[in-house]
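# Working through the structure, step by step
Here is how the chains run, residue by residue.
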Amino acid sequence: MKKGEMLTGFKTMFKHPYRRAAEWKRITGKKVIGCVPMYFPDEMVHAAGALPVALFGSGEPISHADAHLMTNACDQVRSTFDSLLKGHYDFMDGVAALHVCDQVRFFIEVWQLDRPFPFFHQMWRPFKMDGSTRPFLLKELERLKSSLEKLTGNQITPQALRESIESYNESRLLIRAMNDIRSRRPGILGAADTARIIAAGMLMPIEENITLMKQLISVLEREAIDGSERTRIVVAGHPCAVPDADLLDMLENYGLSVIDDDLFSGGRRCATDVILENDPVEALADSYMNALPCTTHHFPSAWMKSGDDHSPYSDHVIEMVRKGNAEAVVILRMMYCDPFDLEFVFLKKRLEEEGIPFLPLVTQHGPVPLESLRTRVQAFAERLKTHL
Amino acid sequence: MNQRLEAQHRLGGLIQKHYGRAREIERTREQPIAWASTGAPNEILWAMGFFVQFPEAYAATCGARHAAHAHCAVTEARGYERHLCTYCRNSIGASLAEMEGTGAFEPLARPDFLLVSNNSCILITKWWEHLSHYWKIPMINIDSPLVVPGMDRGDIIGHVKRQCIDLIQFLEDFTKKRFDHDRMKEIVENGKRSADGYRGMLDASRHDPVPASFFDLIGHNFPNLVLRYDPASAEHYEQMKTELDMRIAGGVAAAPGMKYRLYWDGVPYWFAIRNLYEKLRNFGMSLVTSTYFEVFAFENLDPSHPLDSVAENTAMFYLNRSVGYKTETTERIFRDFHLDGGVFAYASSCKPFSISMHYIADTVRKKLGAPVTIIEGDLVDETFYDEERNNTKLQALAEALAAKRK
Ligand code: SF4
Ligand code: SF4
């Protein structure tokens with residue numbers, strides 16, 4: 001298959017996010033569970049013989065949700081709630097969420113009270129990551145395991161969970177390989193395509209995703225683009241949602257090439273594997289404990305010392321810039337995302353101190369009003385070019 | 001208006017004494033100073049000899065004294081978005097102003113240590129990270145999961161207790177002092193007595209006519225939050241109970257001639273309290289009580305199990321309970337306090353209080369047939385408040401209550 005055809009395929013999948021899952025359910029007769037981003041342990045759902053699909057909401061105008069939910073919720077939350085009320089998730093057997101932030105933890109229960117699903121599971125991933133909180137995380141993973149077993153009637157054996165983790169690790173490895181090609185040869189794969197490919201992977205069975213990713217990588221490896229003329233940038237932010245494709249295209253149309261990112265539908269998704277040494281549930285718990293710095297966790301050791309200037313998340317973004325030999329950072333800020341907005345203040349300060357140019361763009365639901373951002377993007381791209 | 005409760009004068013004295021003492025300690029450094037969140041296991045700090053101050057309570061004071069907007073503006077200039085919690089922005093803004101010597105409003109005494117629990121919201125831990133960053137002092141967060149159906153209560157308490165033990169170890173190192181279990185027991189005992197007194201004060205409002213309104217009682221969260229380690233807090237509530245009982249016996253109403261008993265949901269708009277009180281009174285509506293009081297109830301303290309009960313208090317903090325639990329509590333309060341209707345105060349910068357508000361208001365309306373209204377504003381920054389619009393809503397509520405009674 002040609003690259004163009006493959007990319008169109010991913011684009012179509014992303015445009016109709018639940019078509020494949022509904023079809024899979026029809027054919028297999030198995031359960032589909034909608035998982036609210038981010039960080040839900042999909043491996044566990046898979047090991048129970050069900051299909052986990054990410055709930056990204058949609059690009060449709062929000063017409064139903066605002067009557068129920070106040071308008072200061074982030075777009076990701078409003079848009080998923082809107083999709084729920086419009087019935088887009090009706091074919092699913094249940095919904096599950098990890099309490100990633102205040103908005104998710106308070107709004108998700110309103111879903112269940114308002115429009116009950118036969119299966120509904122809320123999980124706590126400690127906000128503070130250290131040895132004292134790990135035992136409770138293990139309990140939460142066990143609790144999820146038993147509720148999935150009850151739903152599907154399938155026992156999640158250590159072997160089944162181990163195999164699921166292996167599949168997800170393989171998929172993460174393939175995403176990393178794709179990102180590596182993009183970093184080595186900027187321009188070979190657009191940022192919008194990359195985000196769609198990774199997001200689509202969260203909407204289909206993992207086995208299919210692995211097959212498609214292998215095909216894509218072999219196609220990319222054969223293609224000759226070196227892209228050395230382009231300005232290398234890193235994209236950070238936009239915690240739970242897939243960024244608007246037109247916005248990412250616009251960045252690249254001005255000569256900026258995204259060589260790495262910190263998006264949930266991007267580098268964050270594949271950055272770390274679940275290391276299978278002993279018990280697979282323990283391995284999942286460890287993977288949370290060793291997670292990449294994120295605006296939605298608190299790393300106690302960074303804050304227990306006196307007099308330090310600390311922000312593990314900023315360190316992580318700066319490290320990405322250095323490692324990827326990037327010139328600048330574009331920060332996508334979703335309107336009303338509190339965790340990121342607070343983190344942004346630190347990130348901004350640190351990038352200024354490090355002398356790394358950055359462009360923060362606040363995005364809103366629906367077709368992003370590109371024209372209002374265009375001048376800023378253009379000026380930023382030109383400024384970078386003249387400084388190079 | 002009715003005669004002022006004697007308890008108001010006493011409360012003023014307690015507040016003044018607390019802040020006076022804070023200033024003194026800031027000067028002499030005879031005790032380490034901690035800033036702590038409302039739901040954190042603060043008994044541990046008191047037992048370790050800390051003088052504890054509360055940035056959330058401070059935000060409320062700044063709001064009531066119309067100083068919060070200026071603090072919030074300091075943060076906006078630094079890149080903090082306007083929609084972020086105004087308690088948080090007030091606190092960061094006041095800290096920055098204090099460090100830069102530009103503060104115009106009496107600040108909290110400078111902290112040595114920061115303790116927070118994400119049991120009120122997750123954002124609050126990030127708020128404390130920022131305090132830790134600017135003040136360059138250590139912080140500890142006590143992780144406390146939202147209590148949802150299916151979780152085991154014992155597991156949650158155990159989770160919090162493990163962290164309390166870590167906290168004690170850290171503080172022993174930090175203060176170079178051993179943790180005193182006897183002192184802890186004494187503090188929990190005082191806290192229990194204070195919490196019982198607080199509940200007694202709240203329960204007096206079940207009576208009709210109500211002896212003290214929601215607005216009369218709201219400031220009395222202070223002793224149970226800030227001073228419950230000290231017997232002075234329990235004494236305050238005990239004396240207050242006597243005063244309220246006398247009013248009940250004498251048939252004295254907080255405001256005579258009120259026709260409707262109302263519920264308040266959410267954080268009071270501190271800058272608009274007086275104004276709202278007048279407005280409601282003019283409509284014959286008396287605000288009686290609120291689930292907001294539950295936030296300061298600290299009801300799980302038990303001197304026979306000091307540490308476990310402190311962990312339980314933290315784990316079962318009202319704000320950390322599920323939407324279903326909060327809805328049931330609201331319904332129960334409507335019934336127990338014979339309430340006719342409700343005012344739900346949406347605070348645009350506080351998501352934890354606001355996201356589920358629509359659902360709770362709707363359930364109360366449907367299940368209990370009680371007229372409700374959702375007014376809009378914010379915690380402490382008055383620039384979010386549209387007085388005219390809210391007055392229209394209150395008037396509509398008064399009309400709905402009148403129509404129902406006909
Ligand atoms: S985008 Fe931000 S506010 Fe919205 S769900 Fe994700 S972390 Fe929460
Ligand atoms: S609960 Fe609301 S007021 Fe309190 S810190 Fe959280 S957002 Fe702010």
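Residues numbered from 1 in each chain as written. Chains lettered and ligands numbered in written order. Predicted model: local features only at pLDDT ≥ 70, side-chain atom pairs only at ≥ 80, totals over all residues. Heavy atoms only, no water.

We now examine the pattern of salt bridges. Taken as a whole and assessed by the stated rule, the structure comprises 67 salt bridges over all chains. In this structure, Glu312 of chain B and Arg153 of chain B form a salt bridge, with 2.6 Å as the shortest nitrogen-oxygen distance. A residue pair is termed long-range when its members are at least 10 positions apart, and Glu312 of chain B in helix α13 (residues 306-315) and Arg153 of chain B in helix α7 (residues 153-175) qualify at 159 residues. When salt bridges that share partners are traced, they join Asp315, Arg322, Lys349, Arg350, Glu353 and Glu354 of chain A into one network. (Salt bridge = Lys/Arg side-chain N within 4 Å of Asp/Glu carboxyl O. Helix = DSSP H or I, 4+ residues; strand = E, 2+ residues; numbered from the N terminus.)

Turning next to the sheet that holds strand β6 (residues 256-261) of chain A. All names here are of chain A. Read across the sheet, 4 strands follow the order β6-β5-β7-β8 without closing on themselves; strand pairing throughout is parallel. Of all the strands in the sheet, the pair left with one neighbour each is β6 and β8 (358-363). Averaged over neighbouring strand pairs, the angle between their axes works out to 30° when direction is ignored. Taken together, the 6 bridges between strand β7 (residues 328-334) and β8 define a ladder with parallel strand orientation. (Pairing = 2+ DSSP bridges. Axes fitted to C-alpha atoms, helices over the stretch in contact; angles between N-to-C directions.)

So, on to the site of ligand 1. Close contacts around ligand 1 come from Cys74, Val77, Cys101, Gln103, Val104, Cys240, Met334 and Cys337 of chain A, and that covers them all. Residue classes in the shell around ligand 1 are distributed as 7 nonpolar, 1 polar and no charged. (Near = heavy atom within 4 Å. Nonpolar A, V, L, I, M, F, W, Y, C, P; charged D, E, K, R; others polar.)

Residue and element names in this part refer to chain A. When the terminal C-alpha atoms of helix α9 (residues 206-222) are compared, their 25 Å separation across 17 residues agrees well with the 24 Å that a helix rising 1.5 Å per residue should span. Residues of α9 that are buried include every one of Ile206, Asn209, Ile210, Leu212, Met213, Leu216, Ile217, Val219 and Leu220, and no others. Among the structural elements, α1 (3-15), α3 (42-47), α7 (158-184) and α8 (191-201) are those in contact with the buried residues of α9. (Expected span 1.5 Å × (residues − 1). Buried < 20%, exposed > 50% of the residue type's maximum accessible area, 1.4 Å probe, protein only. Contact = heavy atoms within 4.5 Å.)

On to the sheet that holds strand β3 (residues 113-117) of chain B, then. All names here are of chain B. Spatially, β2-β1-β3-β4 is the arrangement adopted by the 4 strands of the open sheet, whose pairing is parallel. Among the strands making up the open sheet, the edge pair consists of β2 (51-53) and β4 (139-142). Direction aside, neighbouring strands of the sheet carry axes that sit 25° apart on average. In this structure, β3 lies alongside β4, joined through 4 bridges in parallel fashion. Residue pairing for β4: Leu114 is matched across the bridge by Met139. Contacting β1 (33-36), β3 and β4, helix α6 (residues 123-135) runs over the sheet at an angle of about 170° to β3. The strands touched by α7 within the sheet are β3 and β4, with β4 carrying the most contacts at an inclination of about 165°.

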